[in-house]
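Residues per chain, in single letters:
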Amino acid sequence: MNNYKLTIQYDGGRYKGWQRLGNSDDTIQGKIENVLTEMAGGKIEIIGCSRTDAGVHALAQIANFKIGENLTEVEIMNYLNRYLPRDISIVEVTLVPERFHARYNAKDKTYLYKIWNEPYTNPFMRKYSMHVEKKLDITRMKKGCQYFVGEHDFTAFSNAKSKKKSMVREIYSIDIEENAGFIEITVRGDGFLYNMVRKIVGTLIEVGLGEIDAENIPSIIESKERLQTGRMAEAAGLYLVKVDF
């Protein structure tokens, strides 16, 4: 079997997330599998490295699939881009070793969150950022970031339904930059729980608004109580930007 790695970009605004949901075609995974299945003349399933939520975007989602035919990377890439919706693009196809697994081989992931922090709306970025009208205190937010870095049980910052799997994750870094009206938060870690990045960003927003003290973040983490965290940031502002293997 030949194993191919896909690097995928998508605008997640009109989809129910990455993961295929039963018979629903309104997912990124479902759209790509449908096209691959037509190409191969038989059922093809793909494995994604990150199950992005409904409305979340990706600059470099990674997935892999296996197929018996000896197709070139260019043939696969051209076929996919010809038949996929225009809000999903395949930017690279690579033949990889058969043991390569997009999810299990991923060592760390980087997400970017965009906040439009002006009193007026941005009509061109309203689908790709979260609008916060009140001025955010970046100094306070940067102070809050340092408490998330490291290995913690992030139960309080996840909406994951199952508690059987470990909720421990390690965040390597969180950086915040201001850029022409935007506040950009970059989070890098070994992996993330369901809604984890959006809940971290939501809490940092409340820190920036003075509604939560940065010094309270360690106790919120230790509480493992989801009601202790701040609001959950909107999906539209979140992007999967990089995966390292």
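Residues numbered from 1 in each chain as written. Predicted model: local features only at pLDDT ≥ 70, side-chain atom pairs only at ≥ 80, totals over all residues. Heavy atoms only, no water.

### Quick notes on the UniProt feature "active site" (unreviewed entry) in the protein
Those places that UniProt annotates as "active site" (unreviewed entry) correspond, in this numbering, to Asp 53. With a relative accessible area of 11%, Asp 53 lands in the buried category. Sequence-distant contacts of Asp 53, defined by excluding residues within four places in its chain, comprise Gly 17, Tyr 194, Asn 195 and Arg 198. (UniProt positions renumbered as here; feature names shortened; annotations may be inferred. Buried < 20%, exposed > 50% of the residue type's maximum accessible area, 1.4 Å probe, protein only. Contact = heavy atoms within 4.5 Å.)

### Topic: the pattern of salt bridges
Applying the stated rule across the entire model yields twelve salt bridges. Across the salt bridge formed by Arg 14 and Asp 87, the nearest N and O atoms sit 2.6 Å from each other. In this pair, Arg 14 sits in the loop between strand E1 (2–10) and helix H1 (28–40) while Asp 87 sits in the loop between helix H2 (73–83) and strand E4 (88–96), placing the two residues 73 residues apart along the sequence. Note on Arg 14: relative accessible area 52%, which makes it exposed. With its nearest N and O atoms 3.9 Å apart, the salt bridge here joins Asp 244 to Lys 242. One salt-bridge network, in which partners are shared between bridges, spans Glu 206, Glu 211 and Arg 231. (Salt bridge = Lys/Arg side-chain N within 4 Å of Asp/Glu carboxyl O. Helix = DSSP H or I, 4+ residues; strand = E, 2+ residues; numbered from the N terminus.)

### Digging into the UniProt feature "binding site: substrate" (unreviewed entry) in the protein
Taking the UniProt record as the reference, the feature "binding site: substrate" (unreviewed entry) is found at Tyr 111. Within the element layout of this structure, Tyr 111 appears in strand E5 (residues 108–116). Residue Tyr 111 is classed as buried on the basis of its relative accessible area of 7%. Other than its neighbours up to four places away in sequence, Tyr 111 contacts Ser 50, Thr 52, Ile 185, Thr 186, Val 187, Phe 192, Val 197, Leu 238, Tyr 239, Leu 240 and Val 241. A distance of 2.4 Å separates the side chain of Tyr 111 from the side chain of Ser 50, its partner in a polar contact. (Polar contact = N/O pair within 3.5 Å; in protein donor to acceptor, adjacent residues only side chain to side chain.)

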